[in-house]
Amino acid sequence: MARTVDWDDGDGGAVTAIDQRALPGEYRVQRLASVDSLVAAIADLTIRGAPALGGAGALGAALAARRHPDDPARVRAEAERVAAVRPTAVNLRRGVERALARLDEGADAVVAEALAVLDEDETTNRRLGRRAADVLTALGPDRPLRLLTHCNSGALATVAWGTGLGAVRELAERGRVAEVLACETRPLLQGARLTVWELREMGVAHRLLVDSAAASAMARGLVDAVVVGADRIAANGDVANKIGTYALACAAVRHGLPMVVAAPESTVDHATVSGEDIVIEERDGAEVRAVAGVPTAPEGTAVYNPAFDVTPAELLAAVVTERATFRAGAWEREAVLR
Ligand SMILES: CSC[C@H]1O[C@H](OP(=O)(O)O)[C@H](O)[C@@H]1O
């Protein structure tokens, strides 16, 4: 599988992206040669997932710098259009800002920094996967685990490897996964369309379930632990993630099951004091009124469609990054990175 987002330096430069709207039916890569097309791809979730958005943001700054090499003000304005597309995942704006910080050195430096963002992502996610797998192993029973996950936090949500599902990959390589229960994740079905597709590619045993069956699966003893990704983590460990995550945390606590969030440091926003300060993206009601273009509600029905919710840290067993763990109310930093 290609990187979820990447750079093609030919013909003046372009962003390449796996078209996540086409999966699971078709695997295709789009070539995005303008900031307009990149903005549209982020807005319609052709590109989605916090670390993948971080890479897309950095590449957006690179694309703008290539298109307007002698007009820094225009580059900054175009890069801001990319950063502003989706407000909740902190990675998007951070990726833009990190690449843009080298604008004074010229377009090639901006491109080089964007490529560094991409190169670092897989190494970060593999380290994160090892740490999160260690935590899940310590919290779960001493046998292969039955894990429940929500939305998609796999390679498709990152540049490569994955975060929550990256921990599953690591556990599977250790022979420590019995089964993954993947919530379909209404309304855009990232779980059904993307996580199931990735689990098949990984050869990991899995079943798909409707979101409303998750609590029942826990109540019936089908789950040992819950593992998900994140879009923004506040300084106090509160986590913004796909809508439905908070409900899973409530059910996990009710049934005495550990819930672990796995996300890179680039998703932790220490400037956001608590989850109450995280802006939650509200998306178009059309996403809920139809599935794959087939109406499932009367035309014009009013809709409540937040893309994310916030899970208070106290409902989580641990929030794990590649170099720290938040548990029992505090961040514990890894002394030595491995
Ligand atoms: C590893 S970040 C994955 C995170 O992003 C998803 O949101 P979206 O598909 O809308 O970009 C979801 O919250 C996942 O947990």
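Calculation notes
Residues numbered from 1 in each chain as written. Predicted model: local features only at pLDDT ≥ 70, side-chain atom pairs only at ≥ 80, totals over all residues. Heavy atoms only, no water. Core = buried A, V, L, I, M, F, W, Y, C linked by side-chain atoms within 4.5 Å. Buried < 20%, exposed > 50% of the residue type's maximum accessible area, 1.4 Å probe, protein only. Helix = DSSP H or I, 4+ residues; strand = E, 2+ residues; numbered from the N terminus. UniProt positions renumbered as here; feature names shortened; annotations may be inferred. Contact = heavy atoms within 4.5 Å. Pairing = 2+ DSSP bridges. Axes fitted to C-alpha atoms, helices over the stretch in contact; angles between N-to-C directions. Arc of directions from axis to C-beta. 1 Å grid on protein atoms, 1.4 Å probe; cavity = no way out; pocket = protein on both sides within 12 Å on 5 of 7 lines; lining within 4 Å. Points joined across faces, edges and corners; volume = space filled by probe spheres on them. Nonpolar A, V, L, I, M, F, W, Y, C, P; charged D, E, K, R; others polar.

## Concerning the nonpolar core
With 38 residues, the main nonpolar core has Val5, Leu38, Ile47 and Val82 as its most contacted residues. Those elements giving two or more residues to this core turn out to be strand S1 (5-8), strand S2 (14-18), helix H1 (35-43), helix H2 (50-67), helix H3 (72-83), helix H4 (90-100) and helix H5 (107-139). Among the elements that make up this core, the one with the highest residue count is H2 (ten residues). Among the nonpolar cores identified, the runner-up in size contains 26 residues, and Leu181, Cys183, Val268 and Leu316 belong to it.

## Here we look at the UniProt feature "active site" (unreviewed entry) in the chain
Under the UniProt annotation, the feature "active site" (unreviewed entry) is placed at Asp231. Relative to the elements of secondary structure, Asp231 occurs in the loop between strand S7 (225-228) and strand S8 (232-234). Apart from the residues within four sequence positions on either side, Asp231 is in contact with Ala50, Thr88, Ala89, Val90, Asn91, Ala240, Asn241, Lys242, Thr267 and Phe308.

## Some words on the pairing of S2
With five of five residues buried, S2 is to be regarded as a mostly interior element. Of the two faces of S2, the one carrying Ala14, Thr16 and Ile18 and the one carrying Val15 and Ala17 are both buried. Hairpin connection from S1 to S2: five residues lie between these consecutive antiparallel strands, with Asp11 at a positive phi of about 50°.

## Describing the sheet that holds S1
Strand pairing in a sheet relies on backbone hydrogen bonds, with the paired strands running either antiparallel or parallel. Pairing is antiparallel in the open sheet, where three strands are placed in the order S1-S2-S3. Where the open sheet ends on each side, the last strands, each with one partner, are S1 and strand S3 (29-32). For this sheet, the mean inter-axis angle between neighbouring strands, taken without regard to orientation, is 25°. In terms of strand pairing, S1 meets S2 through four bridges, oriented antiparallel. Paired with Trp7 across the strands is Val15, a residue of S2. Docked against the sheet, H2 engages S1, S2 and S3, running at close to 20° with respect to S1.

## Let's talk about helix H9 (residues 245-254)
Within the sequence span of H9, burial applies to Thr245, Leu248, Ala249, Ala251 and Ala252. Projection of H9 onto a plane perpendicular to its axis shows the buried side chains occupying an angular sector of 165°, all on one side. Considering only its buried residues, H9 is in contact with strand S4 (145-149), helix H8 (214-219), S7, strand S9 (239-242), strand S10 (259-262) and strand S14 (308-311). Following H9 by one or two positions, Gly256 adopts a phi angle in the positive range, close to 65°.

## Describing the UniProt feature "site: Transition state stabilizer" (unreviewed entry) in the chain
Under the feature "site: Transition state stabilizer" (unreviewed entry), the UniProt entry names Cys151. Looking at where Cys151 falls in the secondary structure, it is placed in the loop between S4 and helix H6 (164-173). On the basis of relative accessibility, which here comes to 7%, the residue Cys151 falls in the buried class. Apart from the residues within four sequence positions on either side, Cys151 is in contact with Arg48, Cys183, Thr185, Gln190, Gly191, Thr195 and Lys242.

## Digging into the layout of surface pockets
Unoccupied space between atoms shows up once a probe the size of one water molecule is rolled over them. If you add up the space inside the largest pocket, you get close to 420 Å³. Forming the boundary of the largest pocket are 14 residues, of which Arg21, Pro187, Leu188, Arg193 and Ala292 lie nearest the centre. Among the secondary structure elements, those contributing two or more residues to the lining of the largest pocket are helix H10 (286-289) and strand S12 (290-291). Within the lining of the largest pocket, the residues separate by chemical class into eight nonpolar, one polar and five charged. Roughly 340 Å³ of volume is contained in the second largest pocket. Breaking the lining of the second largest pocket down by element, the ones donating at least two residues are H2, H4 and H5. Grouping the constituent residues of the lining of the second largest pocket by class yields four nonpolar, six polar and seven charged.

## Comments concerning the side chain of Ser153
Here Ser153 lies in the loop between S4 and H6. Among residues more than four places away in sequence, those in contact with Ser153 are Gly162, Thr163, Gly164, Leu165, Gly166, Thr195, Val228 and Gly229.

## Quick look at unusual backbone geometry
Between Leu23 and the following residue, Pro24, the backbone shows a cis peptide bond with an omega angle of 10°. When you line up the elements, Pro24 lands in the loop between S2 and S3. Put simply, Arg186 and Pro187 share a cis peptide bond, and its omega is 0°. Tracing the sequence through the fold places Pro187 in the loop between strand S5 (177-183) and helix H7 (190-202). A positive phi angle, close to 55°, is found at Ala292, a residue other than glycine. Tracing the backbone through its elements, the reader meets Ala292 in the loop between S12 and strand S13 (294-295).

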